[in-house]
Amino acid sequence: MRLIIHPDYEKASLWAANYIAEKIISQTREKPFVLGLPTGSSPLGIYREFVRMHKEGKLSFKNVRTFNMDEYSGLGADHPQSYRFFMMQNLFNHIDIDRGNIHILDGTAKDPHTECRLYEEAIAKEGGIDLFLGGMGSDGHIAFNEPGSSLASRTRIKTLTTETRHSNARFFDGDPDKVPGTALTVGVGTVMDSREVVIIVNGRSKARALKAVVEDGVNHMWTLSCLQMHPKAVIVCDEEATEELKVGTVKYFKDIEKVH
């Protein structure tokens, strides 16, 4: 696992956006680039860079197929807090991606279990995810795989913890009771099956979780710690997020990145 430390969120986002853009540009037309995407505040800087690069003619998404990580149960595509609405507003409406190449779980599906199974099948039909971009919760979770989730889990319905609902209440008029209690989410195993994973982490509020993920062992109470077992995982973070890491850990990762 690589840990790439930048002075601030803006520089971390720029690095991640350029890294992923290079992967997309180098992909051949014969094989679309399959990209996993998150929502929330963490990837917004990356999405802004994607839009900028596209508008400047440096990046096209015509040969990209996307799979989003999750969606709230019960929220339709037109709900302002649905993740489909978020993705359209912050990325898809501003780039040249074919709408038929966008895959997002349907939070209003009559049979959510079937919806989750078909999502896994759709990913497999594309040949798997080339790169999964993600963020990390303050409790170390990836997607909506809350603490205690199986590290072998697949796309499924997941009950959200009180901490997650309080964290996301800022999008629901500050009221955690308005945050849906469940969501459809890809599993830890789904993310781990991708050929590459890039996670962006920023801020002091994520420092304790980053320490657990990087320095402690693989643990289902910190589900992102699964990246220790991934053959090609990158965590991009700002300085504030490293405040709980050992000085030696920070020095080590900064030293080895000089080679790159």
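A few words now on the sheet that holds strand β6 (residues 131-134). Across the sheet, seven strands lie side by side as β1-β10-β9-β6-β2-β3-β5; this open sheet has parallel pairing. Of all the strands in the sheet, just β1 (2-6) and β5 (102-103) have a single pairing partner and so form its edges. With two bridges joining them, strand β2 (residues 33-37) and β6 adopt parallel strand pairing. If you follow Leu-35 over to β6, its bridge partner there is Leu-131.

Pairing of strand β4 (residues 70-72) with strand β8 (residues 182-185) involves three bridges; the strand directions are antiparallel. Across the sheet, Asp-70 pairs through a bridge with Thr-185, a residue of β8. In this structure, strand β7 (residues 156-159) lies alongside β8, joined through four bridges in antiparallel fashion. When the bridges of β8 are listed, Lys-158 appears paired with Ala-183.

Moving on: the packing of helix α1 (residues 9-26) against helix α2 (residues 44-55). Where α1 contacts α2, the axes come no closer than 8 Å and their chain directions differ by 55°. As the angle between them shows, α1 and α2 are arranged oblique. Taken as a pair, α1 and α2 cross one another with a handedness that is right-handed. Residues Tyr-9, Ser-13, Leu-14, Ala-16, Ala-17, Asn-18, Ile-20 and Ala-21 of α1 pack against Leu-44, Gly-45, Ile-46, Arg-48, Glu-49, Phe-50, Arg-52 and Met-53 of α2. For the contact of α1 with α2, the residue count by class is 10 nonpolar, three polar and three charged.

What counts as what
Residues numbered from 1 in each chain as written. Predicted model: local features only at pLDDT ≥ 70, side-chain atom pairs only at ≥ 80, totals over all residues. Heavy atoms only, no water. Pairing = 2+ DSSP bridges. Helix = DSSP H or I, 4+ residues; strand = E, 2+ residues; numbered from the N terminus. Axes fitted to C-alpha atoms, helices over the stretch in contact; angles between N-to-C directions. Parallel < 35°, antiparallel > 145°, perpendicular 65-115°, else oblique. Left-handed = near helix turned anticlockwise from the far one by under 90°. Contact = heavy atoms within 4.5 Å. Nonpolar A, V, L, I, M, F, W, Y, C, P; charged D, E, K, R; others polar.

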